[in-house]
Every structure is written in C-alpha cells, then in structure tokens.
There are 2 protein chains.
Amino acid sequence: MVKNNIGSFLSHWMDGLGPYPEVVISSRIRLARNIKGLPFPYFASDSQKQKVQQSISEVLENCGESNGLSLIKMEDLDPLVKEVMMEKHLISPLLTQDDHKCAVCLSKEEETSIMINEEDHLRIQSFLPGLQLEKAWEEADYYDNIVERNLEYSFHERYGYLTSCPTNVGTGLRASIMLHLPGLIITKQLNQVLSALSQIGLAVRGLYGEGAEVVGNLVQISNQITLGQSEEEIIQNLYNVTKQVIEQENTARQFLLNKNREKIEDRSRRALGVLKYAYLISWQEAMQLISDVRMGFEMGFISGIDRRMLNELLIIIRPACLQMVAGQELEVNERDLERAKQVRKKLKNVSM
Amino acid sequence: MVKNNIGSFLSHWMDGLGPYPEVVISSRIRLARNIKGLPFPYFASDSQKQKVQQSISEVLENCGESNGLSLIKMEDLDPLVKEVMMEKHLISPLLTQDDHKCAVCLSKEEETSIMINEEDHLRIQSFLPGLQLEKAWEEADYYDNIVERNLEYSFHERYGYLTSCPTNVGTGLRASIMLHLPGLIITKQLNQVLSALSQIGLAVRGLYGEGAEVVGNLVQISNQITLGQSEEEIIQNLYNVTKQVIEQENTARQFLLNKNREKIEDRSRRALGVLKYAYLISWQEAMQLISDVRMGFEMGFISGIDRRMLNELLIIIRPACLQMVAGQELEVNERDLERAKQVRKKLKNVSM
C-alpha cells in the first residue's frame, strides 16, 4: 500500500482543501502514549518491544480493517521507502534510523499515522489540510480511545500520561500548524511575530522538525506546554493564535499588493518561469520559488495551478522522493538535475 | 514606407542569415563623403544644406527608383519614428536631434541607408547579416559611384576624401562588425582579446555607438584608421581579425561545454523561462537574458527559436520601439512593463 501511494506522493494533508488554505497548509495532532508495565522503548529489550508491537498492532488491526489501517513493519521496508515516508511526514526521522521492532499503522489516505516503538510506545498522529485542529484532534482521539479500551496506558493521577521525554508529559499532545508566510517575511515582520508566539508558550520551527531553519517561507507553530492545560485548551489556544497570524499575514499581503503590486506579480511569475525551465535546481532555491509561485497564485496572478500541485511539489523535490522516481541513488548534483526535471514535468501544462 | 516596416521592426540585417551567424550578428560599411564647394554641414547655412539635400536626393532618386530607395526628410517625421529608426541602426543619434534639412534614403529591406547632412553631407551605409563585409562594401560602393558620377566630392590628392571629422579623412570608410561573445565573456577572456584588437588599430564599442558599454555580450569592432590604407586593405584586415575572434569565441564555447555543460544549459534555459514569464524587465537585464538564450540556441540546448527572432528582440526592447507599439509615451517603469509584455508575446510559442 505504501509503495502504491508513493507513485503520486500525495497524502490527504496535501490536497489543499480545508479552512484558510491560502495561509494554512496543514494541521497536525500527535498523541504520545505508553503501555503500563513495559519500559519506554529506549530502555526496552527486544522481546519487550516485540510485545508492545504485538499488543498495539492487534488492537489496531482489529479496529483497523473497517478504518483501512495497515500495519507496516519498519524492518520490512527498503531504506529509501522509509526516507520517502519521512519526507511525506508520515513517520519521524527516528523511525528511519533505528527501526528495530518499530512499525507504523497508516490509514488509506495517510491522514492517520500511528508509530509504534518510536520515542514512546505509541505516537498517534492525525494530519489534515488547512486549519482543522479540532477535526484532527477528534481523529487522533478516536484511535486513542480504541487503544485505551483494550490496553492500560502509563498514567499518573497528577501528571497525566507519562512519556519518554518530560516535555510530553500530561496530555502527551502536540498540536501543530504549517503556515505559508511570505507576506510577513517579505515585509520583515516575521521575527516580531515569532518572538510574540514564543512568549506565549508556542514553539516555532521550519518545515522538517525541531531547530530546522525556515525554508520556502514555511513555518510550523505548535504548543510547547503539554501539562496543566486540557487538550481542548491547548487546541483552542493554538487555533486562536493561528487565526491572528493568518490575519497578520493577509494584512501583509494586502500591503504588498497596494504598495508593490507589479513587483510582486513579477516576482511570482519569474519564479514560475524558472521552475518551468531550469535544468539544475537546489532544494532551497526550489522551496523559495515554489513559495513565490504560491504567493502569486494566492494573489490571483498565476492561474492554471492549484494548491495540491504546489503541496505535492514540496514533497517531490525531496532527496528520497527524487531517488525513488529516478530508480537509483543520486549524488547531490544529480539530484539538482532530477529535481529540475521532476518540477518541469509537474508544471509542464501550466502556462500564463 | 518607414511606418509600414516599423510594425515588424525587422531589417534585412536582423534576418540571422549570412556567414558565421553563430557569432557575427551583422556587418556594416559606412562611407563619409562631402560635396565640393559647399561647407560641411556644421558650418553650412540653411540654404547651403538645402542645396546639398536637393543635389544628392536628385541623384539618388533618379537611381533609386530601380533600387527601391526612398527619400525621407527628417523634419517630416514624428520624433518617435526617428528614435525607432535610430534603434534599428538606420540613422545616427545626431539625425534624431538636429534634423534641420537632414534626410535619409532607405532601401526597401533597409540594408542601405544614406544619410544626408549628418556630420558629413553624405553617409552611405550598408548593413548586412553575418560576416559579409565585402558584399556590404560592394553595395555602399555602388551608391558611392552613382553619386560620384553626378556630383564632385571634396577630395584631396594626398589626403583622399575630406570629412568633417579628421578621423574619417582618407577613405572615409568605417567597416564594423557586431559580434556576440558570451563565451569570451563568461571565461573572462574578453578584455585580453579587446586589448589585442586595440593594439592593432581597431576600435571596440558596445551596441549603441561610441563609448557605449558592452551590454548583452554584444561587441562592435571597427577600423580606426581611415588614412594610408586602401578600402580593400581595411576590409581584409577587419575580416581576418574577425575570423580570429570567431575562432576564439568558438573555442571558449567548446571549453564551457566540455567543462560545465549542465550549468550552461541551466543558465540558458532559465533565461528563457524568465523572458517568457517576467512581468517587469529592464533593458540591461533583457539584453543579458537574450544573450543567454542565444548562447543556449547556438549550443543546441534551446529549440523552437531562431536567430531572426533573437535579433528582432534586441530591437523590440528599445524604448522608442516599445512606445511605438504601446501607442503612447511611457515612463521608465511603464517601459519595463511593456518590454516584458512584448518579449512574452514574441516568445509565446517557444517552449522546450
């Protein structure tokens, strides 16, 4: 199933639908859970990890048939396939490195991905397009309840769900939003906005994981606090803040349109021209150009394109996806060549 | 007739034919002549200039009917039309500024342009595509002989043809070649080549007249010496040097292809992408990008395009041509907009 999906590189979260799609790429909920009486994965023996995998997979497979969940054992996968899954945000980098007794349960549209024996026994992740935190939370909660009905979680009356890393203790909930913020970046307001966010306890990151720099004007914001607030409070708080950031981004875009319409239109059209014609292109440059094209699309300058195509481009240009398509390992320079080729192919029928 | 031709902006010299078209855009011969017994234009009275115009135009009109020459009086032309003619290299900047009793005789395909009362009474110019100095010389010589049969030139036994500026005395001949030298420029060999050229008495200039900087990798080389050598010697000398420069340019291109094929292909394809999609574009940038596309075409990376289209682009992007097409005066920023629009239109059907 995984291999089949890889042909299009599309997951449900990329389809460009959902509320506020002009700024919000996707919403993600992740729950960290551990089975009572078994050590956290870092300290568990092989047989203990095997037991974790087995108990969880039994529960999920039983419920999963009707939900289209499939269990995929990491050790059965080609390393490149694992990298591709990571690039699609379906599994974490950790699972691509140490896959011993690790597994993932994936739903058909890939909006649910449940990792087994990652940092915690269970990482239930729900990934939706646009600003849909509540719905993503409902989906994750649904699977969480199924497991909880069958297995006892490590839970402390006072501290809540116990997790491998103390930053997840309590709700075990990480809610995050991926935002496209070219307006705030071009008008040099991003740092101001981000520092305000961190002051109210939100974490800000680039596209691929913690500490990653902002590339392609894509920013992830998520809750840092997991303890002392209910799931609903955490989600409502992130939702409210996101709404404010969307408003600020839209104000910045309107400012650019009023003040510098021609230059902005020029910038986005040139980006499309370069993406359609370049013969070599680095990941960083492609990310920036895709952002410029997206901005042009959102501002109404560029037609013949849609958000799904732009989201899919973000994934297609990653190293493992490129190598998957090319059917062979590629050196850095060869990737730049293959990247340009795949981008040209994707944008072939887009013209102005 | 002039107005009709302006629609396409094409002159015969732009058609991309002729020998060595991969490096040589065009060849030009210009003869400076003055009528005996009348002061040079700078010192002539209106009635004297009128007399010059009348005598020359009578001779040319008589011979011209069979050759398709038309006399155009500068004072009859709209200032913008004069600018367009200058941008097409049919008349000099001087004729666009002070047009009193000035005129030009143009052949149908605009390969011959005879200016009356420019710096000298007569400037016979012949302009052909590719490396065709000898043929251009024959054409200019043909008209020169016609005039000389009917009017007596200012001629000194020892110094030859007398001219307004001493740098033209003798043969009154200026032979020049317009070359496209991206290979020598990218490999940073141009200055070396140019300084060698000036050491052997050749002048080097950019596209538009004396002292103009090199834009779009286009370089004009011409003889500086007009005295002490026969016309044939001057032309043969320039021809030989041009052949050497062509060889050096082709060697440089081959070096780039061997060493850096992918980067060069990338550069030329991106240039096409930007030209096809930009919404604003300055003259300097457009010139550079047209050069990059031309290089890509000559190296076989870009198809669906031809040299005529590239040469026509050089003219289309000039301010007066843009204003002619737009049908109104344009500010600098408006020209950047119109320039991008006209370039997009011209390249609309070019794809990879």
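These numbers were taken from a predicted model, which means no experiment stands behind them. (Residues numbered from 1 in each chain as written. Chains lettered and ligands numbered in written order. Predicted model: local features only at pLDDT ≥ 70, side-chain atom pairs only at ≥ 80, totals over all residues. Heavy atoms only, no water.)

## Some thoughts on unusual backbone geometry
Residues and elements named next belong to chain A. The phi dihedral of His-89 falls on the positive side, at around 65°, and the residue is not glycine. Phi angles above zero are rare outside glycine, and Asn-117 is one such case at about 60°. In this structure, Asn-117 sits in the loop between β4 (112-116) and β5 (122-129). (Helix = DSSP H or I, 4+ residues; strand = E, 2+ residues; numbered from the N terminus.)

## Considering the sheet that holds strand β3 (residues 103-106) of chain A
Residues and elements named next belong to chain A. The antiparallel open sheet is built from eight strands, whose spatial order is β2-β3-β4-β5-β1-β8-β10-β9. Each edge of the sheet is formed by a strand with only one pairing partner; in this case those strands are β2 (70-73) and β9 (202-205). On average, each strand axis in the sheet is tilted by 20° relative to the strand beside it, whichever way the strands run. Summarising the sheet, β9 and strand β10 (residues 218-223) pair through four bridges and their orientation is antiparallel. By the bridge assignment for β10, Ala-203 is matched with Ser-222. Strands β1 (24-33), β8 (173-180), β9 and β10 of the sheet are contacted by helix α8 (residues 231-277), whose axis makes an angle of about 10° with β8. (Pairing = 2+ DSSP bridges. Axes fitted to C-alpha atoms, helices over the stretch in contact; angles between N-to-C directions. Contact = heavy atoms within 4.5 Å.)

## What about the relation of the copies chain A and chain B?
Laying chain A over chain B is done by rotating through 180° and shifting 0.1 Å along the axis; what remains is an RMSD of 0.1 Å. On the angle and the small slide along the axis, the relation comes out as a two-fold axis. No C-alpha of chain A lies nearer the rotation axis than that of Gly273(A), which sits 2.1 Å from it. (Least-squares fit on C-alpha atoms with pLDDT ≥ 70 in both.)

## So, the packing of helix α3 (residues 79-87) of chain A against helix α11 (residues 319-326) of chain A
All names here are of chain A. Direction vectors running N to C along α3 and α11 enclose 130°, while the axes themselves pass 8 Å from each other. When the axes of α3 and α11 are compared, the pair comes out oblique. The crossing of α3 and α11 is left-handed. Residues Leu-80, Val-81, Glu-83, Val-84 and Glu-87 of α3 pack against Pro-319, Ala-320, Cys-321, Gln-323 and Met-324 of α11. Class assignment of the residues belonging to the contact of α3 with α11 gives a composition of seven nonpolar, one polar and two charged. (Parallel < 35°, antiparallel > 145°, perpendicular 65-115°, else oblique. Left-handed = near helix turned anticlockwise from the far one by under 90°. Nonpolar A, V, L, I, M, F, W, Y, C, P; charged D, E, K, R; others polar.)

## Regarding the environment of Ser351(B)
One can find Ser351(B) in the segment after α12 (332-346). Ser351(B) gets classed as partly exposed once you look at its relative accessible area, which sits at 45%. Separated by 185 residues in the primary sequence, Ser351(B) and Pro166(B) have C-alpha atoms spaced 51 Å apart. Once residues within four sequence positions are removed from consideration, Ser351(B) is found in contact with Tyr277(A) and Ser303(B). (Buried < 20%, exposed > 50% of the residue type's maximum accessible area, 1.4 Å probe, protein only.)

## Quick look at the nonpolar core
Ile305(A), Leu347(A) and Leu347(B) are the most contacted members of the largest nonpolar core, which totals 86 residues. Per-element tally for this core: the top contributor is helix α9 (residues 283-298) of chain A, with eight residues. In this structure Leu347(A) touches Leu272(A), Leu275(A), Lys276(A), Ile305(A), Met309(A) and Leu313(A), once residues within four positions along its chain are discounted. (Core = buried A, V, L, I, M, F, W, Y, C linked by side-chain atoms within 4.5 Å.)

## Observations concerning the packing of aromatic side chains
Under the criterion given, the structure shown has nine aromatic pairs over all chains. Summarising the aromatic geometry, the rings of Trp13(A) and Phe127(A) are spaced 5.0 Å apart at their centres and angled 10° between planes, so their arrangement reads as stacked. Taken as a pair, Trp13(A) in the loop between α1 (2-6) and β1 and Phe127(A) in strand β5 lie far apart in primary sequence, 114 residues in all. Comparing Trp13(A) with Phe127(A) shows no difference in burial state: the two are buried. Note on Phe155(B) and Tyr161(B): the rings are 4.9 Å apart at their centroids and 75° apart in plane angle, and the pair reads as edge-to-face. (Phe/Tyr/Trp six-rings, centres within 6.5 Å; stacked < 30°, edge-to-face > 60°.)

## Considering the interface of chain A and chain B
Contacts between chain A and chain B engage 23 residues on the former and 23 residues on the latter. Here chain A packs against chain B, burying approximately 1900 Å² in sum over the two surfaces, 55% of which is carbon and sulfur. In terms of surface lost to chain B, no three residues of chain A exceed Arg270(A), Tyr277(A) and Tyr279(A), which account for 40% of the buried area on that side. At the boundary of chain A and chain B, one finds two salt bridges. With a closest N to O distance of 2.7 Å, Glu285(A) and Arg270(B) form a salt bridge. (Buried area = accessible area lost by both parts, 1.4 Å probe. Salt bridge = Lys/Arg side-chain N within 4 Å of Asp/Glu carboxyl O.)

## Some details on the confidence of the model for chain A
Residue and element names in this part refer to chain A. Here chain A shows a mean pLDDT of 90. Residues at 70 or above account for 95%. Scored below 50 in pLDDT, residues 1-7 makes 17 contacts in the model with residues more than four places away or belonging to other chains. Listed scores for the predicted complex are pTM 0.90 and ipTM 0.87. (pLDDT = per-residue confidence, 0-100.)

## As for α8(A)
If you check α8(A), its first and last C-alpha atoms are just 47 Å apart, much less than what 47 residues at 1.5 Å a residue would give, namely 69 Å. Where α8(A) bends most, the angle comes to about 110°, and this point is Asn260(A). (Expected span 1.5 Å × (residues − 1). Bend = angle between axes of the 7 residues up to and from the residue.)

## Comments concerning the side chain of Arg269(A)
Checked against the element boundaries, Arg269(A) lands in helix α8. Owing to a relative accessible area of 8%, Arg269(A) belongs among the buried residues under this scheme. In this structure Arg269(A) touches Ile302(A), Met352(A), Tyr277(B), Tyr279(B) and Arg344(B), once residues within four positions along its chain are discounted.

## Describing helix α5 (residues 133-150) of chain A
For α5(A), built from 18 residues, the straight-helix expectation of 26 Å at 1.5 Å per residue is met to within 8% by its first-to-last C-alpha distance of 26 Å. Three or more residues of α5(A) are buried, namely Leu133(A), Ala136(A), Trp137(A), Ala140(A), Tyr143(A), Asp144(A), Ile146(A) and Val147(A).

## Notes on the sheet that holds strand β8 (residues 173-180) of chain B
Residues and elements named next belong to chain B. Sheet architecture is open: eight strands sit in the order β2-β3-β4-β5-β1-β8-β10-β9, paired in antiparallel fashion. Two strands in the sheet have a free side with no partner beyond their single neighbour: β2 (70-73) and β9 (202-205). Shown here is a sheet whose adjacent strand axes are inclined to one another by a mean of 20°, direction ignored. The pairing of β8 with strand β10 (residues 218-223) spans five bridges and is classified as antiparallel. Considered in β10, the bridge of His-180 is made with Leu-218.

## Some thoughts on a negative patch on the surface
On the surface, a cluster of negative charge is made up of Glu134(A), Glu138(A), Glu232(A) and Glu233(A). For Glu232(A), the location among the structural elements is in helix α8. (Patch = residues over 30% accessible without salt bridge, like charges linked within 9 Å, V, L, I, M, F, W, Y side chains within 5 Å. Areas by Shrake-Rupley, 256 points an atom, 1.4 Å probe, with all protein chains shown as cover. Lys, Arg positive; Asp, Glu negative; His and termini not counted. Charge placed at Lys NZ, Arg CZ, Asp CG, Glu CD.)

## Focus on the pattern of salt bridges
Residue and element names in this part refer to chain A. On inspection of all chains with the given rule, the structure shows 30 salt bridges over all chains. Of the charged contacts, one joins Glu-119 and Arg-123 as a salt bridge, the two residues approaching to 3.1 Å between their closest N and O atoms. Note on accessibility: Glu-119 and Arg-123 belong to one class, buried. The residue Arg-269 makes a salt bridge to Glu-265 at a minimum N-O spacing of 3.2 Å.

## A word on the side chain of Glu265(A)
The topology assignment puts Glu265(A) in helix α8. Among the residues examined, Glu265(A) registers a relative accessible area of 7% and is labelled buried. The residues touching Glu265(A), leaving out its near neighbours within four places in the chain, are Phe301(A) and Tyr279(B).

## Overview of the packing of helix α10 (residues 307-316) of chain B against α12(B)
Residue and element names in this part refer to chain B. Between α10 and α12, the least distance of the axes is 10 Å, while the angle of their chain directions is 165°. Classed by the angle they form, the pair α10 and α12 counts as roughly antiparallel. By crossing handedness, the relation of α10 to α12 is classed as right-handed. Of the residues in α12, those touching α10 at Met-309, Glu-312, Leu-313 and Ile-316 are Gln-342, Val-343 and Lys-346. The residue makeup of the contact of α10 with α12, split by class, is four nonpolar, one polar and two charged.

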